[in-house]
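Coordinate inspection notes
Spelled out, the chains give:
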Amino acid sequence: MAGAYNLAAHGAARYVYNSATGGFVTYSAGGAYSPTRDITFKGNYTHALRAPSVMELYAPRGSSYDSGNDPCSTQFIDSGPNPATRAANCAKAGIPRGGFQSNINNYTVLGTASGNSHLRNETANSFEGGVLLTPRWVPGLSIQSMFTDVLLKHEIVSLDVQDLMDACYDSASYPNVNLSGQNVCNAFTRDSASHQITNFNDGYYNIAQSHMQALQSSLTYDLPLRRVGLPDTAGELVTTVNYVHYVNYTQTYLAASYTEYGSTAVPQDNFTANFNYYRGPFNFQWQMQYYGKSKYALNVLNNVYQNDTFKQYFMFNMSAGYQFAQHYNVNFSMNNVFDAKPQYPYVGSLQRYYDAVIGRSFNISVQAEF
């Protein structure tokens, strides 16, 4: 076709029936267009579902110990997506505007947790579009940049006591805040005199809507060293870089929106760069990880925590491996080569910063294949 080096389109649809949530149709459509061999524009749109799990639907009631930031407590009454609404609702509940210190801020309270048989399917509309560059004048180079937009509706969320309190007191419809057929303000109780939390019931609700928009970019460059005049036996260098920047990521509870990006678990910017060298049975990798500036807790005033803002963070890892006698592999790795430590005092995401919290670590493995 004139003006099209490559043109492709695809589409699919599926009908799903679930005895707990009924029928649902999912579908997907997309395509790719390359005006030349060096550049490709592509995009995809998908309408999908996730049915609630058996546990989310039918988990039996059991004991649960929770603590949390009581929105009516002095430290947090001026926080949240709409502090005026929160303060007004706490006043309606008879909780004094100043001086109230909630015990649940500092230690756990005994409550219960259970499933919810009234749950519906989660639904998601997602779009991804972008460009892929593979310039022929730079062999081995590939650059891709994609914009992703995902809107998740009827999101099933496991609400603990803090979530229940936030959903109740941050709602304009207080005290009748209905979620999945239940009034969330009745999911916890207070002592009528002290206003302390005395009981609660954690559970699952179709409470939320999440909207995520992100730019994801990647670069791959494969350079056989013979291209720079070295012999064929010199090996090759392979570089990969993956970068994510969140444009928007919010979760909405009953028209109250909470920011979900910019925390230590989901920093607004992060990238991983791998530099690999291969020569026959030998391989070596040097890795750099970067997490941008972040916060321990979002949606609270800046003066609530003494150390809430975390600086940008770099960590380096390395590994080397060798195969011998065709059946044996020896690998050595060192995580956190420079023993980088997260900002003190660290109370953020352990999953993302695990190697930093542990410190420099080593691993040697030997594998035999027969």
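**Overview of the overall build of the chain**
- The helix and strand tally for the chain stands at 4 helices and 20 strands.
- A compact globule built from 370 residues should have a C-alpha radius of gyration of about 21 Å, whereas the chain, at 26 Å, is more than 25% larger.
- Along the first, second and third principal axes, the C-alpha atoms of the chain reach 85 × 55 × 45 Å.
- Across the 370 residues that make up the chain, the buried fraction comes to 40%.
- For the chain, long-range pairs separated by at least 24 residues make up 66% of all intrachain contacts whose partners lie at least 6 apart in sequence.
- Split by element, the accessible area of the chain, about 19900 Å² in all, is 54% carbon and sulfur.
- Averaged over its 21 positive side-chain charges, the chain has a centre that lies 5 Å from the centre of its 24 negative ones.

**Quick look at the pattern of salt bridges**
- Within the structure shown, the criterion is met by 9 salt bridges.
- Salt bridges here are not isolated pairs; linked through shared partners, they connect Arg50, Glu56 and Glu122.

**Quick notes on unusual backbone geometry**
- With an omega of 5°, the peptide bond between Tyr174 and Pro175 qualifies as cis.
- Position of Pro175 relative to the elements: it lies in the loop between helix H3 (161–169) and strand E8 (178–179).
- If you check the backbone angles, His154 has positive phi at about 55° while not being a glycine.
- You can see His154 is positioned in strand E7 (residues 141–159).
- On the basis of relative accessible area, His154 is assigned to the partly exposed category, the value being 30%.

**Examining the state of the cysteines**
- All told, the structure shown has 2 disulfides when counted by the stated rule.
- Here Cys72 is linked by a disulfide to Cys90, with a sulfur-sulfur distance of 2.0 Å. Handedness of the Cys72-Cys90 disulfide follows from its S-S torsion of about -85°: it is left-handed. Placement of Cys72 in the loop between strand E4 (62–66) and helix H2 (83–92) and of Cys90 in helix H2 is noted, with a sequence separation of 18 residues between them.
- The partner cysteine of Cys168 in its disulfide is Cys185, sulfur to sulfur 2.1 Å. Linking Cys168 and Cys185, the disulfide has an S-S dihedral of approximately 110° and is accordingly described as right-handed.

**So, the nonpolar core**
- Membership of the largest hydrophobic core comes to 31 residues, with the highest contact counts inside it found for Leu159, Tyr169, Val184, Phe188, Ile207 and Tyr253.
- At the level of elements, H2, E7, H3, strand E11 (197–224) and strand E13 (256–259) are the ones that each hand at least two residues to this core.
- The dominant element in this core, judged by the number of residues it contributes, is H3, at 6 residues.
- Residues Tyr291, Met315, Ala340 and Ala356 belong to the second largest nonpolar core, which totals 8 residues.

**Structural notes on the side chain of Ser114**
- One can find Ser114 in the loop between strand E5 (109–113) and strand E6 (122–133).
- Among residues more than four places away in sequence, those in contact with Ser114 are Ala59, Pro60, Arg61, Asn201, Asp202, Gly203 and Tyr204.

**Overview of the pairing of E6**
- Summarising the sheet, strand E3 (residues 39–50) and E6 pair through 12 bridges and their orientation is antiparallel. Following the sheet pairing, Thr40 is matched in E6 by Leu132.
- Of the strand pairs in this sheet, E6 and E7 are connected by 11 bridges, and their pairing is antiparallel. When the bridges of E7 are listed, Thr123 appears paired with Lys153.

**Notes on H3**
- Within H3, 8 of the 9 residues are buried, which leaves the element mostly enclosed by the surrounding structure.
- Within the sequence span of H3, burial applies to Val161, Asp163, Leu164, Met165, Asp166, Ala167, Cys168 and Tyr169.
- One side-chain oxygen of the residue at the start of H3 lies 3.2 Å from the amide nitrogen of Gln162, identifying that residue as Asp160.

**Brief notes about H2**
- Looking at H2, one finds that the buried residues are Thr85, Arg86, Ala87, Asn89 and Cys90.
- Looking one or two places after H2, you find Gly94, whose phi comes out positive at around 85°.

**Concerning the side chain of His195**
- Along the polypeptide, His195 turns up in the loop between strand E10 (188–190) and E11.
- Ignoring anything within four residues of it in the chain, the contact list for His195 reads Gly94, Ile95, Pro96, Phe100 and Arg190.

**Section: the environment of Pro342**
- Assignment of secondary structure puts Pro342 in the loop between strand E19 (328–335) and helix H4 (354–358).
- In sequence terms Pro342 and Phe310 are 32 residues apart; their C-alpha atoms lie 8.4 Å from each other.
- Residues contacting Pro342, with those up to four places away along its chain left out, are Tyr313, Tyr353, Ala356 and Val357.

**Points about the packing of aromatic side chains**
- Tallied over the entire structure, the rule returns 15 aromatic pairs.
- Residues Tyr246 and Tyr249 carry aromatic rings whose centres are separated by 6.0 Å and whose planes lie at 20° to one another, so their mutual orientation is stacked.
- In this structure Tyr249 comes out as partly exposed when scored by relative accessible area, which is 24%.
- On the basis of an interplanar angle of 50° and a centroid distance of 4.9 Å, the ring pair of Tyr290 and Phe314 is categorised as tilted. In this pair, Tyr290 is assigned in strand E15 (residues 282–291) and Phe314 in strand E18 (residues 313–324), connecting sequence segments 24 residues apart.
- Counting every residue linked through ring pairs, the aromatic cluster contains Tyr169, Tyr174 and Phe188.

What counts and what doesn't
Residues numbered from 1 in each chain as written. Predicted model: local features only at pLDDT ≥ 70, side-chain atom pairs only at ≥ 80, totals over all residues. Heavy atoms only, no water. Helix = DSSP H or I, 4+ residues; strand = E, 2+ residues; numbered from the N terminus. Rg over C-alpha atoms; globule rule 2.2 N^0.38 Å. Buried < 20%, exposed > 50% of the residue type's maximum accessible area, 1.4 Å probe, protein only. Contact = heavy atoms within 4.5 Å. Areas by Shrake-Rupley, 256 points an atom, 1.4 Å probe, with all protein chains shown as cover. Lys, Arg positive; Asp, Glu negative; His and termini not counted. Charge placed at Lys NZ, Arg CZ, Asp CG, Glu CD. Salt bridge = Lys/Arg side-chain N within 4 Å of Asp/Glu carboxyl O. Disulfide = S-S within 2.5 Å. Core = buried A, V, L, I, M, F, W, Y, C linked by side-chain atoms within 4.5 Å. Pairing = 2+ DSSP bridges. Polar contact = N/O pair within 3.5 Å; in protein donor to acceptor, adjacent residues only side chain to side chain. Phe/Tyr/Trp six-rings, centres within 6.5 Å; stacked < 30°, edge-to-face > 60°.

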